[in-house]
Amino acid sequence: MTQSLNKSSRKVLAVASGGGHWEQMMLLRPVLDQYDVSFATTEADVATQHGITSVDTLPDCNQNQPIKSLLCGFMAARLVIKHRPHIVLSTGAAPGFFCLMAGRLIGAKTLWIDSVANGEQLSMCGKLSKRFAHQCLTQWPELADDKSVKYRGAVL
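I will try to describe carefully the structure that is included in this document. (Residues numbered from 1 in each chain as written. Predicted model: local features only at pLDDT ≥ 70, side-chain atom pairs only at ≥ 80, totals over all residues. Heavy atoms only, no water.)

### Observations regarding the pattern of salt bridges
Enumeration according to the criterion identifies one salt bridge in this entry. A salt bridge links Lys-82 to Asp-56; the shortest N-O distance between them is 2.7 Å. With a gap of 26 residues between them, Lys-82 in helix 4 (residues 66-83) and Asp-56 in strand 3 (residues 55-57) connect regions that are remote in the sequence. According to the relative accessible area criterion, Lys-82 is exposed, its value standing at 55%. (Salt bridge = Lys/Arg side-chain N within 4 Å of Asp/Glu carboxyl O. Helix = DSSP H or I, 4+ residues; strand = E, 2+ residues; numbered from the N terminus. Buried < 20%, exposed > 50% of the residue type's maximum accessible area, 1.4 Å probe, protein only.)

Written out as C-alpha cells, the structure reads:
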C-alpha cells in the first residue's frame with residue numbers, strides 16, 4: 001500500500017457474516033467511515049438495518065459444507081477483484097476468511113478480528129487467519145500470544 005494515499009482514498013473491504021459478526025463490524029463503523037469502505041455480508045437485510053444501501057452478499061458456509069465453501073471462495077475472489085481494496089477486514093466467519101485470502105493474493109493488507117464469542121479458543125477461521133493475515137486480533141487477552149495473535153481491546 002502506498003504511503004501517499006490519504007485515509008479517504010484507501011479502499012477497505014469490510015466482510016462479516018450475519019448475526020454477531022456483523023454487529024461487531026458495525027461497532028467499528030465510526031473508524032471505517034474515514035475510508036472508502038465497501039461492505040459484504042451473508043445477509044443483505046442486516047446491512048439495510050444499519051442504513052447501508054450498497055452491500056455485496058456472499059453465501060454463508062462452514063467446514064461441513066465443502067461445495068458451498070468452494071462456491072463462497074470463488075465468489076469472495078470475484079468480490080475482491082471487483083473492489084480492489086487496499087485493506088480487507090473481517091470479524092468472521094468463513095466468507096470473511098475467503099475474502100482475506102483473496103485480498104492477500106492481490107497485495108491488500110489483511111486484518112482478522114476474532115469474534116468476542118470465542119473466549120476459550122480462537123475460531124477455526126481465526127486459527128487459519130493467524131497464519132495468513134497481516135494482523136490477527138483476539139478480543140480476549142488470555143488468547144493473545146503477542147506473536148501471531150494480538151490483543152488490542154474488545155470491540156464491544
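### Describing the pairing of strand 6 (residues 135-138)
Looking at chain direction, strand 5 (residues 109-113) and strand 6 are connected through three bridges and run parallel. Note on strand 6: the bridge partner recorded for Trp-112 is Cys-136. This β-α-β element, strand 5 to helix 6 (residues 124-132) to strand 6, shows right-handed connectivity. (Pairing = 2+ DSSP bridges. Right-handed = clockwise from strand over helix to strand, strands pointing away.)

### Some points on the sheet that holds strand 7 (residues 150-151)
Strand order in the open sheet formed by seven strands is 3-2-1-4-5-6-7, and the pairing between neighbours is parallel. Either end of the sheet is taken by a strand with one partner, and the two such strands are strand 3 and strand 7. Contacting strand 1 (11-16), strand 2 (36-41) and strand 4 (87-92), helix 1 (residues 20-27) crosses the sheet at an angle of about 130° to strand 4. With respect to the sheet, helix 6 is in contact with strand 5 and strand 6, its orientation differing from that of strand 5 by roughly 150°. (Contact = heavy atoms within 4.5 Å. Axes fitted to C-alpha atoms, helices over the stretch in contact; angles between N-to-C directions.)

### Thoughts on the side chain of Lys-150
Note that Lys-150 resides in strand 7. Side-chain polar atoms of Lys-150 contact the backbone oxygen of Lys-147, separated by 3.1 Å. (Polar contact = N/O pair within 3.5 Å; in protein donor to acceptor, adjacent residues only side chain to side chain.)

### Some details on the packing of aromatic side chains
What describes a pair of aromatic rings is the distance from one ring centre to the other and the angle between the planes of the rings. Counted under the stated rule, the structure contains three aromatic pairs. Each ring, one from Trp-22 and one from Phe-39, has its centre 5.8 Å from the other, and the planes form 65°; the classification is edge-to-face. In this pair, Trp-22 is assigned in helix 1 and Phe-39 in strand 2, connecting sequence segments 17 residues apart. Grouping residues by exposure puts Trp-22 and Phe-39 together as buried. Consider the rings of Phe-97 and Phe-98, whose centres lie 6.1 Å apart with planes at 55°: the pair is tilted. Under the relative-accessibility criterion, Phe-97 is labelled buried at 9%. Phe-98 gets classed as partly exposed once you look at its relative accessible area, which sits at 23%. (Phe/Tyr/Trp six-rings, centres within 6.5 Å; stacked < 30°, edge-to-face > 60°.)

### Focus: the environment of Val-116
On the secondary structure map, Val-116 appears in the loop between strand 5 and helix 6. Along the backbone, Val-116 and Leu-13 are 103 residues apart, and their C-alpha atoms lie at a distance of 21 Å. If we skip the residues at most four places from it in the chain, Val-116 touches Gln-24, Gln-139, Trp-140 and Leu-156.

### Looking at the packing of helix 5 (residues 94-105) against helix 6
At their nearest, the axes of helix 5 and helix 6 sit 10 Å apart, and the two run at 10° to each other. If you check the angle between helix 5 and helix 6, you find them roughly parallel. Residues Ala-94, Phe-97, Leu-100, Met-101 and Arg-104 of helix 5 form the contact with helix 6, whose own contacting residues are Cys-125, Leu-128, Ser-129 and Phe-132. (Parallel < 35°, antiparallel > 145°, perpendicular 65-115°, else oblique.)

Purely geometric numbers; function is a separate question.
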